[in-house]
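Remarks on the overall topology
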Amino acid sequence: MMLFGVNFNVYYLLLIRKFAQIKGNDEVKWYVSIMLCSAFIIAVNIMPIYRSFGEAFRYSFFQVSSIMTTTGYSTADFALWPMMSQIILVMMMFVGACAGSTGGGLKVVRVIILARTAKRAVRKAASPRSVFSVKADGKKVDDQTVHGVLAYFVLYMIFTGIAILIVSFDNKDFVTTVTSVIATMNNIGPGLGLVGPTGNFGDFSVISKLVMSMGMLVGRLEFYPILVLCSPYMWKKS
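Notes on the structure follow. As the structure is a prediction and not an experimental result, all values here were calculated from the model. (Residues numbered from 1 in each chain as written. Predicted model: local features only at pLDDT ≥ 70, side-chain atom pairs only at ≥ 80, totals over all residues. Heavy atoms only, no water.)

**Re the nonpolar core**
Note the cut-off: By nonpolar core is meant a set of buried Ala, Val, Leu, Ile, Met, Phe, Trp, Tyr and Cys residues that side-chain atoms within 4.5 Å join together. Buried residues are those whose accessible area, probed at 1.4 Å on protein chains only, stays under 20% of the maximum for their type, while exposed residues exceed 50% and partly exposed ones sit between those limits. Secondary structure elements are defined from DSSP: runs of H or I of at least 4 residues count as helices, runs of E of at least 2 residues count as strands, and each element is numbered from the N terminus. In what follows, a contact means two residues having at least one pair of non-hydrogen atoms within 4.5 Å.
Ranked by internal contacts, the top residues of the largest apolar core, which has 38 residues, are Tyr31, Val64, Met68, Trp81 and Met92. Secondary structure elements with two or more residues in this core: α1 (8–15), α3 (26–46), α4 (53–68), α5 (83–95), α6 (108–126) and α8 (174–185). Of all the elements, α3 adds the most residues to this core, at eight residues. Among residues more than four places away in sequence, those in contact with Met68 are Tyr31, Ile34, Met35, Met92, Val95, Gly96 and Ala97.

Rendered as structure tokens:
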């Protein structure tokens, strides 16, 4: 799961032996680092539940890999894990896998650009006359790309918020309501609460199921293609 959450271009670079480009790929570095660090922290957190650290790490690594790559499998009821572990897993639901892979979520490259854009804003506030740029893979990211990522993130959060509000009319508990939307939007599979690994989405109303179905489509195809398809300008006769 971890290997195929990587951008498929990386495997092409392996085939043509462009190892230097792989070594300088920020997204792969962040992806592997986020996954291993999350698995390690969760393993430490859940170690009292299991017989050894090795067993705890095996469960945590499988679950983090499954959630980040939006594969949908589970080997443990992580809804029963300590709260810190559950929160980390929810964060991984948002992050997702690499761009150019079959995984869903925001994508690691967008997280990198968002983090570095925030860093640039802080540095710019501290030194207004200085010029700072956002870089990825050692190259400057143009402002149009940065603005596109920021716009996508805003759309993502607006849709998530509206979907949560609509689903909340079913009067499920807070954890179930929020994670059901997050899990479906990011194509994760199980969430937490009633939609955890041992639960399902069957008790939700028809409207909530339609909203979550739309969330799955938007999360897989991403917002821009859907918005363009639904835009009146797309269908306006020239």
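**Points about the state of the cysteines**
Operational definition: Our working definition of a disulfide is a cysteine sulfur pair at a distance within 2.5 Å.
Applying the stated criterion to the full structure yields zero disulfides. Lacking any disulfide linkage, Cys37 is separated from the closest cysteine sulfur, that of Cys98, by 15 Å. A relative accessible area of 48% places Cys37 in the partly exposed class.

**Focus on the side chain of Ser38**
Structurally, Ser38 is set in helix α3. Residue class for Ser38 comes out buried when judged on its relative accessible area of 7%. Look past the residues within four positions of Ser38 in its chain and what remains in contact with it is Val64, Ile88 and Met92.

**Regarding a nonpolar patch on the surface**
The test is simple: A residue counts toward a patch only above 30% relative accessible area and without a salt bridge, and it is joined to like-charged neighbours within 9 Å or, for Val, Leu, Ile, Met, Phe, Trp and Tyr, to nonpolar neighbours within 5 Å. For the area figures, the Shrake-Rupley method with a 1.4 Å probe applies, and any residue is considered shielded solely by the protein chains shown. Each reported salt bridge corresponds to a side-chain nitrogen of Lys or Arg within 4 Å of a carboxyl oxygen of Asp or Glu.
There is a patch of nonpolar side chains on the surface, built from Phe40, Ile41, Val44, Met47, Phe53 and Met84 and spanning about 500 Å² of accessible area. Looking at the nonpolar patch element by element, the count peaks at three residues for α3. Residue position: Met47 is located in the loop between α3 and α4. We classify Met47 as partly exposed; its relative accessible area is 34%.

**Quick look at unusual backbone geometry**
Positive phi outside glycine occurs at Lys107, with the angle close to 90°. On the secondary structure map, Lys107 appears in the loop between α5 and α6. Judged by relative accessible area, which is 8%, Lys107 ranks as buried. Of note, Asp137 is a non-glycine position whose phi angle comes to about 60°, a positive value. With respect to the helices, strands and loops of the structure, Asp137 is situated in the loop between β1 (135–136) and β2 (139–140). Here Asp137 falls in the partly exposed class, since its relative accessible area comes to 40%.

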